[in-house]
Amino acid sequence: MGSTSDHEYLAPAGEMLAAFGVPYEMRVVSAHRTPDWMFEYAEQAELLRGVALARLGQCEQALGPLSRLATSSRSPAELREDALLATGRCQLAAGNLAGGDAAFTQLLESKNQERRREARFQHARVLRQAGEYEQALSVLAGIHESRAESERVLALAGAGRV
């Protein structure tokens, strides 16, 4: 809301969301008094929308909000990395291997072990789909989970080693 005087009008919406168990936040974000903070808040909300849509499998709708990542300079690293993973997955879903891999390779050095592992797996998947079977096998080395084993078998088959 733009000012505290808006609260009386928006409070019923919050009550309805709470009644249905929907998490929400209600803040005063003034474009006039705190324009930088408002811009940052809106930017992060748009990225979060894209991540949420991607997680729901709505990649076509997610790519628009996620495209803001390229110009996002104020978002926290965690949100940027979640947005990169979502962008990569959606690019792959759209058949854009290069776009997906561009997102995943940015996360290969992430400080977050889970994101780093996911980026590595997805990078190997892209390599396999692009016919780079030996490189995919090399990237998959050391990843011990069932989906990596499936990718490894596909890469070995593609390389003619099965």
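This text goes with the structure placed above it.
Residues numbered from 1 in each chain as written. Predicted model: local features only at pLDDT ≥ 70, side-chain atom pairs only at ≥ 80, totals over all residues. Heavy atoms only, no water.

Novice: Looking at this structure, I do not really get the packing of aromatic side chains. What am I missing?
Specialist: What describes a pair of aromatic rings is the distance from one ring centre to the other and the angle between the planes of the rings. By the definition in use, this model includes 1 aromatic pair. The positively charged end of R147 is found above the aromatic ring belonging to F121, 3.9 Å away from the centroid. (Phe/Tyr/Trp six-rings, centres within 6.5 Å; stacked < 30°, edge-to-face > 60°. Lys NZ or Arg CZ within 6 Å of the ring centre and 35° of its normal.)

Novice: Whenever I open this one, the side chain of E81 confuses me. Can you help?
Specialist: With respect to the secondary-structure elements, E81 resides in helix α4 (residues 77-93). Assessed through its relative accessible area of 17%, E81 is described here as buried. (Helix = DSSP H or I, 4+ residues; strand = E, 2+ residues; numbered from the N terminus. Buried < 20%, exposed > 50% of the residue type's maximum accessible area, 1.4 Å probe, protein only.)

Novice: It is not clear to me how the side chain of R115 should be interpreted in this structure. Could you clarify?
Specialist: Relative to the helices and strands, R115 resides in helix α6 (residues 113-129). For R115, a relative accessible area of 10% gives the class buried. Of note is the side chain of R115, whose polar atom sits 3.2 Å from the side chain of E81. (Polar contact = N/O pair within 3.5 Å; in protein donor to acceptor, adjacent residues only side chain to side chain.)

Novice: What's the story with the nonpolar core in this structure? I'm lost.
Specialist: Nonpolar side chains in soluble globular proteins tend to be buried together. Residues A54, A62, L66 and A83 are the most contacted members of the largest nonpolar core, which totals 20 residues. Within the residue set of this core, elements represented by two or more residues are α2 (35-55), α3 (59-66), α4, α5 (97-105) and α6. For this core, the element with the highest residue contribution is α4, accounting for 7 residues. If we ignore the near neighbours within four places in the chain, the residues touching L66 are L47, G50, V51, A54, A83, A86 and T87. Ranked by size, the runner-up nonpolar core spans 10 residues in total, among them A124, A136, L137 and A155. (Core = buried A, V, L, I, M, F, W, Y, C linked by side-chain atoms within 4.5 Å. Contact = heavy atoms within 4.5 Å.)

Novice: Even after reading the chapter, I still don't get the state of the cysteines, so can you show me in this structure?
Specialist: Here, the word disulfide means a covalent bond between the sulfur atoms of two cysteines. Enumeration over the complete set of coordinates arrives at 1 disulfide. Between the sulfur of C59 and that of C90 lies a disulfide, 2.4 Å long from S to S. Disulfide C59-C90: the torsion about the S-S bond is -70°, which places it as left-handed. With C59 in helix α3 and C90 in helix α4, this pair connects stretches of sequence that are 31 residues apart. By relative accessible area, C59 is classed as buried at 15%. (Disulfide = S-S within 2.5 Å.)

Novice: Explain a nonpolar patch on the surface here, please?
Specialist: On the surface, Y9, L10, M16, L17, F20, V22, Y24 and M26 cluster together to form a nonpolar patch covering roughly 800 Å² of accessible area. Residue placement: L10 occurs in helix α1 (residues 7-19). (Patch = residues over 30% accessible without salt bridge, like charges linked within 9 Å, V, L, I, M, F, W, Y side chains within 5 Å. Areas by Shrake-Rupley, 256 points an atom, 1.4 Å probe, with all protein chains shown as cover. Salt bridge = Lys/Arg side-chain N within 4 Å of Asp/Glu carboxyl O.)

Novice: Can you help me understand the pattern of salt bridges in this one?
Specialist: Enumeration according to the criterion identifies 13 salt bridges in this entry. One salt bridge in this structure joins R55 and D82, with 3.8 Å as the shortest N-O distance. Of this pair, R55 sits in helix α2 while D82 sits in helix α4, and the two are 27 residues apart along the sequence. Here R128 ties to E151 by a salt bridge, and the two come within 2.7 Å at their closest N and O atoms. Residue R128 is located in helix α6, and its partner E151 is located in helix α8 (residues 146-158); the two are separated by 23 residues in the primary sequence.

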